[in-house]
Amino acid sequence: MDTRIPSHVDVAIIGGGIIGISTAWALARSGLRVAVFEKGAVAGEQSSRNWGWIRSVGRDHRELPLALRANALWRELQQQVDVGYRQRGLAYLGRSAADMQGHAKWLEAARPYAVPARLIDAAGLPALLGAQSARDWAGALYNADDGVAEPQLATAAIAGLARAAGCQIFEGCAVRGLDLAAGKVSGVVTERGSVGAAAVVLAGGAWSRLFCGNSGVSFPQLKVHASVLRTTPLETGMDLAINGGDFTCRKRADGGYTVSQLGASTADLTPDSIRLMRQFLPAWMSERKYLKLRVGRRFFEELMMPRRFALDAPTPFEQHRVLDPQPGMAAISTALEKLKAAFPAFAAARVAGAWAGMIDVTPDALPVMSAVDSVPGFFLASGFSGHGFGIGPAAGELMSELVQGKTPSVDPAAFRLSRFA
Ligand SMILES: Cc1cc2nc3c(=O)[nH]c(=O)nc-3n(C[C@H](O)[C@H](O)[C@H](O)COP(=O)(O)OP(=O)(O)OC[C@H]3O[C@@H](n4cnc5c(N)ncnc54)[C@H](O)[C@@H]3O)c2cc1C
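Residues numbered from 1 in each chain as written. Predicted model: local features only at pLDDT ≥ 70, side-chain atom pairs only at ≥ 80, totals over all residues. Heavy atoms only, no water.

**Q** Break down the overall build of the chain for me, citing the residues and quoting the values.
**A** A count of helical and extended segments in the chain gives 13 helices and 20 strands. Taking 2.2 N^0.38 as the reference for a compact globule, 421 residues should give roughly 22 Å; the C-alpha atoms of the chain span a radius of gyration of 21 Å, in line with that estimate. Based on the C-alpha atoms only, the size of the chain along its principal axes is roughly 65 × 45 × 40 Å. In the chain, which comprises 421 residues, the share counted as buried stands at 58%. Taking all contacts inside the chain whose residues are at least 6 apart in sequence as the whole, residues at least 24 apart take part in 76%. Total accessible area on the chain stands at roughly 17,000 Å², and carbon and sulfur atoms take up 54% of it. (Helix = DSSP H or I, 4+ residues; strand = E, 2+ residues; numbered from the N terminus. Rg over C-alpha atoms; globule rule 2.2 N^0.38 Å. Buried < 20%, exposed > 50% of the residue type's maximum accessible area, 1.4 Å probe, protein only. Contact = heavy atoms within 4.5 Å. Areas by Shrake-Rupley, 256 points an atom, 1.4 Å probe, with all protein chains shown as cover.)

**Q** Now, about the nonpolar core: what can you tell me, with residues and values included?
**A** Ile 13, Leu 66, Trp 74, Val 83, Cys 167, Val 201 and Met 369 are the most contacted members of the largest nonpolar core, which has 49 residues in total. Elements with a contribution of two residues or more to this core: strand S1 (8-14), helix H1 (18-29), strand S2 (34-37), helix H3 (64-80), helix H6 (151-164), strand S11 (193-202), strand S20 (378-382) and helix H13 (388-404). (Core = buried A, V, L, I, M, F, W, Y, C linked by side-chain atoms within 4.5 Å.)

**Q** Describe the site of the ligand, and please don't skip the residues or the numbers.
**A** For the ligand, the set of nearby residues contains 36 residues, the closest of which are Glu 38, Ser 47, Val 175, Gly 388 and Gly 390. Gly 52 is positioned such that a nitrogen or oxygen atom in its backbone is 3.4 Å from an oxygen atom of the ligand. With respect to the ligand, the backbone of His 387 contributes an N or O atom lying 3.3 Å from an oxygen atom. For the ligand, whose accessible area on its own is 1,000 Å², the fraction buried by protein is 98%. Broken down by secondary-structure element, the contributors of at least two residues to the shell around the ligand are H1, helix H2 (46-49), strand S12 (222-231), strand S18 (351-361) and H13. The class makeup of the residues in the shell around the ligand is 18 nonpolar, 14 polar and four charged. (Near = heavy atom within 4 Å. Polar contact = N/O pair within 3.5 Å; in protein donor to acceptor, adjacent residues only side chain to side chain. Nonpolar A, V, L, I, M, F, W, Y, C, P; charged D, E, K, R; others polar.)

**Q** So what's going on with a nonpolar patch on the surface? Residues and values would help.
**A** Taken together, Ile 274, Met 277, Leu 281 and Met 285 make up a surface patch of nonpolar side chains, about 350 Å² in accessible area. If one sorts the elements of the nonpolar patch by residue count, helix H9 (residues 277-286) sits on top with three residues. (Patch = residues over 30% accessible without salt bridge, like charges linked within 9 Å, V, L, I, M, F, W, Y side chains within 5 Å. Salt bridge = Lys/Arg side-chain N within 4 Å of Asp/Glu carboxyl O.)

**Q** Which residues make up helix H4 (residues 97-110), and what are the values?
**A** Over its 14 residues, H4 extends 20 Å from the first C-alpha to the last, a length consistent with the 20 Å expected when each residue adds 1.5 Å. The elements touched by buried residues of H4 are H3, strand S4 (90-94), strand S5 (117-121) and strand S6 (139-143). (Expected span 1.5 Å × (residues − 1).)

**Q** Provide a residue-level description of H1, including the pertinent values.
**A** Taking 1.5 Å per residue as the helical rise, H1 with its 12 residues ought to reach 16 Å, and the 16 Å between its terminal C-alpha atoms agrees with that figure. Burial within H1 is extensive, with 11 of its 12 residues counted as buried. Looking at H1, one finds that the buried residues are Ile 18, Ile 19, Gly 20, Ile 21, Ser 22, Thr 23, Ala 24, Trp 25, Ala 26, Leu 27 and Ala 28. Just past H1, the residue Gly 31 takes up positive phi, approximately 95°.

**Q** Could you give an account of unusual backbone geometry, naming the residues involved and the relevant values?
**A** Note: most residues except glycine have negative phi, and most peptide bonds are trans. Although it is not a glycine, Ala 182 adopts a positive phi angle of roughly 50°. Along the chain, Ala 182 falls in the loop between strand S9 (175-181) and strand S10 (184-190). Judged by its relative accessible area of 84%, Ala 182 is exposed. For Ala 365, which is not glycine, the phi torsion reads 60° and is therefore positive. Mapped onto the secondary structure, Ala 365 falls in the loop between S18 and strand S19 (368-371). You can call Ala 365 partly exposed: its relative accessible area is 36%.

**Q** Mind laying out the packing of H3 against H13, listing which residues take part and the relevant values?
**A** Where H3 contacts H13, the axes come no closer than 8 Å and their chain directions differ by 95°. Taken together, H3 and H13 sit at an angle that is classed as roughly perpendicular. Of the residues in H13, those touching H3 at Leu 66, Ala 67, Arg 69, Ala 70, Leu 73, Trp 74 and Leu 77 are Phe 389, Gly 390, Ile 391, Pro 393, Ala 394, Ala 395, Glu 397 and Leu 398. When its residues are assigned to classes, the contact of H3 with H13 shows 12 nonpolar, one polar and two charged. (Axes fitted to C-alpha atoms, helices over the stretch in contact; angles between N-to-C directions. Parallel < 35°, antiparallel > 145°, perpendicular 65-115°, else oblique.)

**Q** Talk me through the pairing of strand S16 (residues 265-268); I want residue IDs and the actual numbers.
**A** Put simply, side chains in a regular strand alternate between the two faces of the sheet. Alternating positions in S16 separate into two faces, Ser 265 and Ala 267 on one and Thr 266 and Asp 268 on the other, with burial throughout. Of the pairings in the sheet, the one linking S12 to S16 comprises two bridges and is antiparallel in character. Note on S16: the bridge partner recorded for His 225 is Thr 266. Here S16 runs beside strand S17 (residues 291-294); their pairing, made up of four bridges, is parallel. Within S17, the position partnered with Ser 265 by the bridge is Leu 291. (Pairing = 2+ DSSP bridges.)

**Q** An account of the side chain of Asn 214 is requested, with residue identities and associated values reported.
**A** Examined against the element boundaries, Asn 214 turns out to sit in helix H7 (residues 208-214). A polar contact is formed between the side chain of Asn 214 and the backbone nitrogen of Phe 309, at a distance of 2.9 Å. If we skip the residues at most four places from it in the chain, Asn 214 touches Arg 176, Arg 307, Arg 308, Phe 309 and Leu 311.

**Q** I'd like a rundown of the side chain of Asn 71, residues and numbers included.
**A** Assignment of secondary structure puts Asn 71 in helix H3. Residue contacts for Asn 71: discarding those within four places in its chain leaves Ile 54, Tyr 85, Asp 145 and Asp 146.

**Q** Which residues make up the packing of H1 against H13, and what values do they have?
**A** Look at H1 against H13: their axes get within 7 Å of each other, and the N-to-C directions meet at 45°. The orientation of H1 with respect to H13, classified from their angle, is oblique. As H1 packs across H13, the resulting crossing turns out to be right-handed. Contacts between H1 and H13 involve Ile 18, Ile 19, Ser 22, Thr 23, Ala 26 and Leu 27 from the first element and Gly 388, Phe 389, Gly 392, Pro 393, Ala 395, Gly 396, Glu 397, Met 399, Ser 400, Val 403 and Gln 404 from the second. Counted by class, the contact of H1 with H13 contains nine nonpolar, seven polar and one charged residues. (Left-handed = near helix turned anticlockwise from the far one by under 90°.)

**Q** So what's going on with the UniProt feature "domain: FAD dependent oxidoreductase" (unreviewed entry) in the chain? Which residues, and what values?
**A** Sites flagged by UniProt as "domain: FAD dependent oxidoreductase" (unreviewed entry) map to residues 10-402. End C-alpha to end C-alpha, residues 10-402 measures 14 Å, and it is 33% helix and 26% strand. (UniProt positions renumbered as here; feature names shortened; annotations may be inferred.)

Shown next, in the form of structure tokens:
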């Protein structure tokens, strides 16, 4: 990675996750001078810790144009560099008539977006899944165009493309805050000095609310702790990614499976969850089946973290280089047991590793990808709410268009920060 900080760039990007790196690559391809500043390591946080799903099925319909664009971009990416992309299809299984009605409703609302998803009935499932099931399924919502990529490879590989296009990437280099001149962005203050920039994109994942708050910008965002495991390599015949309700799994490039479940998520009660309770309450209520609320150590850790800090001394971003929480083994072990019970071909699966990540969420579970109206030149791309990996390349393309004032290739109206005003 790069070491010599430039004195000036066209666009400074804060955060080396898939969103910051994809934005940087898109901007660099347009001929702009771009630098990415990452406090820890490229893809050290969510972008290397996720399930690797590239999914249109079950998505909020407002994200579907981005998801379709992303499917095309992943295919193109894999032709240039190994991101572990495989278009193997993705299915949300249903156990009851009510599940299938829910899937049919989603499909009906998705029609205007021409998503090539369809319903599969119970008789069609064995051929689709490739493995015998011991469970009675009612059917599935399936899109053959969806797929997976390898989170351990993807962002680093896109970073390689961005560098080849002229972008500079600095690891171990936190951005402490914004430099402003006459109320407009004039650059960033990093721990290694100031860098002038006409535009700044904050793609700070779970840290964006803290950064925004210290810059006088309100961004309602909380963190959700999510755990994942991977199995030893095994042959089961199942190649597509599936959501079975109480487990999820997808085949990995190393021959094992990444296994988790939607219920493997915990929202710690923190001072921010109290501050943002009114905005997040509807989301907590609708997700209560999957999301456990927990009161614990994190409340005090976040209470001790300063919310306002000066830029001439180390900030919380330098004190927390990589968010690396411990996995909650109970929920993911249960997911593996449920998978084995549902598909006997997984009986020999052993746990080869487990990890966790902090998902950054917004009140409506949609990301913010927009200019920050109160600070000209400042852009925010955060709050991807547990599904930013799959749409990452398209989100980067959209951010690059917004920064350059070009006509956006997908309608960004639903992603404005001002919706929370
Ligand atoms: C367990 C788990 C499973 C998931 N599964 C999926 C999935 O299957 N499909 C999917 O689409 N999505 C999934 N997601 C969500 C997806 O991983 C995220 O939405 C996506 O990676 C977000 O990317 P990002 O670049 O916004 O954030 P991150 O990857 O978190 O990157 C943000 C970066 O910004 C850096 N940073 C922050 N502040 C500063 C600062 N001040 N200075 C310098 N650097 C800074 C951080 O160090 C970090 O590296 C999952 C997430 C988790 C945790």
